[in-house]
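# Commentary on secondary and tertiary structure
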Amino acid sequence: MELLDKLNWRYAAKAMNGEKVAQDKVDRIIEAARLAPTSSGLQPFEIMVVTNEEVKKKIKPVAWNQSVITDCSHLLIFAAWDTYTAERINTMFDLTNDIRGFKNEGWENYRQMLLDTYPQRDAETNFNHAAKQAYIAFSQAIAAAAFEGVDATPLEGFDPAAVDEILGLREKGLRSAVLLPLGYRKEEADWLVNLVKVRKSTEDLVTMID
């Protein structure tokens, strides 16, 4: 129930007060994102954590001038792989083998299946797939932030190409997918803070197939 209480408390803060979030809280939020499940365990994304005020000021104009970009404590940018390559796939499969300390025939067959499939697809298809995986981690970070009592504002309203250029993401084989400012709500400046949370009823959202 505690988690549900926290999720009912959270909302997409439209104004933040500039207060810094304790690093241990940020670390746990990022760790929750790191532990998120992803397709084939590939984790095809990276998380950029921006605290540099000048960088945040550069991003704000290409993110609809939203104040939370510069007033947040930490700006998380989930950047997905621009495509799948054999090297990237092999790196993650090799990491699994190294950590587990053995090789498995079924796992190696699965590796080969991915190698025969993913790198041959067009880059845009691969990026869209990778971005979906980034969103899983993004969602888990939002829930973790709520659990920590930290406000997190999901943002898709930005120019990805411009953010990529500011951060030099394309040179790293990455493309920005979604932004997540972390901080604390500024209640007196936020029109949304006191409005009732609106969600579909369980009956409208869920269909039981027995």
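Residues numbered from 1 in each chain as written. Predicted model: local features only at pLDDT ≥ 70, side-chain atom pairs only at ≥ 80, totals over all residues. Heavy atoms only, no water.

Next up on the list: the packing of aromatic side chains. For the coordinates displayed, the defined rule picks out seven aromatic pairs. Ring geometry for Phe-78 versus Phe-138: centroids 5.6 Å apart, planes at 80°, classification edge-to-face. Within this pair, whereas Phe-78 is found in strand β2 (residues 74-81), its partner Phe-138 is found in helix α7 (residues 123-147), the two being separated by 60 residues in sequence. Take Phe-78 and Phe-138: they sit in the same class, and that class is buried. In textbook terms, an aromatic cluster arises when at least three aromatic residues are bridged by ring pairs, as seen for Phe-78, Tyr-135 and Phe-138. When the ring centre of Tyr-118 is taken as reference, the NZ or CZ atom of Arg-121 above it lies at 4.1 Å. Over the face of the ring belonging to Phe-127 we find Arg-175, whose NZ or CZ atom lies 3.7 Å from the ring centre. (Phe/Tyr/Trp six-rings, centres within 6.5 Å; stacked < 30°, edge-to-face > 60°. Helix = DSSP H or I, 4+ residues; strand = E, 2+ residues; numbered from the N terminus. Buried < 20%, exposed > 50% of the residue type's maximum accessible area, 1.4 Å probe, protein only. Lys NZ or Arg CZ within 6 Å of the ring centre and 35° of its normal.)

Another point: the environment of Asn-194. You can see Asn-194 is positioned in the loop between β4 (174-183) and α9 (202-205). For Asn-194, a relative accessible area of 71% corresponds to the exposed category. Here the alpha-carbon distance between Asn-194 and Tyr-11, two residues 183 residues apart in the chain, equals 10.0 Å.

On to unusual backbone geometry, then. Backbone geometry follows two general trends: most residues other than glycine have a negative phi, and most peptide bonds adopt the trans configuration. Although it is not a glycine, Ser-40 adopts a positive phi angle of roughly 60°. Tracing the backbone shows Ser-40 in the loop between α2 (23-34) and β1 (45-50). Judged by relative accessible area, Ser-40 falls into the buried class, the value being 16%. Of note in this structure, Trp-64 is not a glycine but carries a positive phi near 60°. Relative to the assigned elements, Trp-64 resides in the loop between α3 (53-59) and α4 (68-71). Residue classification places Trp-64 among the exposed residues on the basis of a relative accessible area of 67%.

Turning our attention to the pattern of salt bridges. When charged atoms on two side chains of opposite charge get close, those side chains can pair. Evaluation of the coordinates by the stated rule reveals 13 salt bridges. As a salt-bridge pair, Arg-185 and Asp-151 come within 2.8 Å of each other at their nearest N and O atoms. Remark: Asp-151 occurs in strand β3 (residues 151-152) and Arg-185 occurs in the loop between β4 and α9; sequence separation between them is 34 residues. Given the relative accessible area of 14%, Arg-185 is considered buried. Through salt bridges that share partners, Asp-24, Lys-25, Arg-28 and Glu-148 make up one connected network. (Salt bridge = Lys/Arg side-chain N within 4 Å of Asp/Glu carboxyl O.)

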